Structures are given as structure tokens and as C-alpha cells.
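# Remarks on the overall topology
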Amino acid sequence: MLAKPYLDESDLWDSLQNGSEEALTELMKRYSKALAYYGRKMVRDDSLIQDCIQETFIQLWQYRTGLRKVTEIRPYLFTCLRRKIIYSIKNRPNFETTDADTDSIFYIDFSIEETLIENENEAIRIKTLNRLINNLPKRQKEAVYLKFYENLGNNEIALVMGIRYQTATNLIHEALSSLREWLPSQSLTFINILLSFWAAKIVH
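The sections below set out a description of the structure shown in this document.

### Considerations on the overall build of the chain
When its secondary structure is counted, the chain shows 9 helices and 0 strands. Starting at the N terminus, the α and β elements of the chain follow one another as α-α-α-α-α-α-α-α-α. Split into buried and exposed, the 204 residues of the chain put 45% on the buried side. On the chain, roughly 11500 Å² of surface is accessible, and the fraction owed to carbon and sulfur atoms is 48%.

### Describing the environment of Gln166
For Gln166, the position within the fold is in helix α8 (residues 165–182). Residue class for Gln166 comes out partly exposed when judged on its relative accessible area of 46%.

### A word on the environment of Arg68
As for its position among the elements, Arg68 is in the loop between α3 (46–62) and α4 (73–90). Taking the relative accessible area as the measure of exposure, Arg68 reaches 44% and is therefore partly exposed. For the pair Arg68 and Gln17, spaced 51 residues apart in sequence, the C-alpha separation works out to 9.4 Å. Apart from the residues within four sequence positions on either side, Arg68 is in contact with Trp13, Gln17, Tyr76 and Leu159.

### Considerations on the pattern of salt bridges
Following the criterion strictly, the structure yields 6 salt bridges and no others. Here Glu26 ties to Arg30 by a salt bridge, and the two come within 2.8 Å at their closest N and O atoms. Linking Glu26 with Arg30, this pair stays in helix α2 (residues 21–40), spanning 4 residues, or about one helical turn. The class of Glu26 is partly exposed, set by a relative accessible area of 22%. With a closest N to O distance of 3.1 Å, Arg40 and Asp46 form a salt bridge. Given a relative accessible area of 31%, Arg40 falls into the partly exposed group.

Rules of the game
- Residues numbered from 1 in each chain as written.
- Predicted model: local features only at pLDDT ≥ 70, side-chain atom pairs only at ≥ 80, totals over all residues.
- Heavy atoms only, no water.
- Helix = DSSP H or I, 4+ residues; strand = E, 2+ residues; numbered from the N terminus.
- Buried < 20%, exposed > 50% of the residue type's maximum accessible area, 1.4 Å probe, protein only.
- Areas by Shrake-Rupley, 256 points an atom, 1.4 Å probe, with all protein chains shown as cover.
- Contact = heavy atoms within 4.5 Å.
- Salt bridge = Lys/Arg side-chain N within 4 Å of Asp/Glu carboxyl O.

Okay, here's the thing in C-alpha cells:
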């Protein structure tokens, strides 16, 4: 007999908390790939990423009965994975940093596969935007990624990054202001559209 499909995330989370192994399997199926993509923006170590993802799901199962009610699972899992990766990186014997953004290790550059963009003018704009985004401070870059690539709201970004809602809002505003300054001829509306198009073209 086939298990019933989970119609929404609340149903899936409730089933997990009630001890459903099928719910855990479904969680892993739905979110493992997104977690791996996010992890690769923080560290070039697939083994570490997979270990942290595995530990995240193991702990979800172990502590399922004590977990708080969650209606949006993906931001919650991102939060867990981010903490585990940062903890693992910062506890390496050779970890050193002089960066002011010590609560963010979101440093890997985005890349755009130019062959995916047929229009030459679009390719030029996206390539320029890609370069400018990679020049943003790490926390702004991470907030932009979560906002435009993962389609998270500012409250969810705050949850994932472990910051206040207003701080998340400020990071997005500061990033957009910097892009507006670097692209003075473009409106914020156009930059938002361009960012959405940029997100769709990111090569994982």
C-alpha cells in the first residue's frame, strides 16, 4: 500500500513529529538537493556538506518530539545546516579570518553559464550584475542569494542567518542600493527584475 502524499509542509512536519519514517524520507527527498546547493555557497568541501546535511536529518529524527511547530520547512533546514557548517569550519585547527563578517562564510562566487543566455545584451547585463554581486560584502551576498534565488522572505532570511528582521531588511536594502549606485542608469524595479533573471541562470 502506498503512503498518502503530503499535501503541505505542515502535514509533513506533523507526521515527522509523530514518528513517521516516511515523512523523514520525504523531507530528505525534497530538501537534500537545495541544502547541498546552499552548502556549496559556504564551503568547497562536499564531504563536509554531506556530513552536515546527514547530521541535520539525524538530529531532526532524534529530537522530533521536542521540535517547535514549523510551517516553512526549507528556511528551518537552511538554518540548521548553516549553523553546522559554520561551527565545523570555525573549529578547524587552521581556521583564520580577518574579515569583519565573522558570522558569515558565504564567499563562493556565483557564475552564469553564458550559453544559457541567447540575447547578447542580456548576457552583458547579467555578466555585469554577476560581477557586482560578487563584490558585495558576504552577508549582503548571502541575503541576496536567499532573497532572489531561494525566494525567501525577509523574516525567513533573518531566521536562516540568525539575525533580526530589520537587519535582514537592511542587508537587502544596502545590497540593492549598492547595485543601484554601480548601475546608476537603472531603476530599482529593473534591478529587481534583473536579479530574478540572474537567479534563474545561476549554475549550481
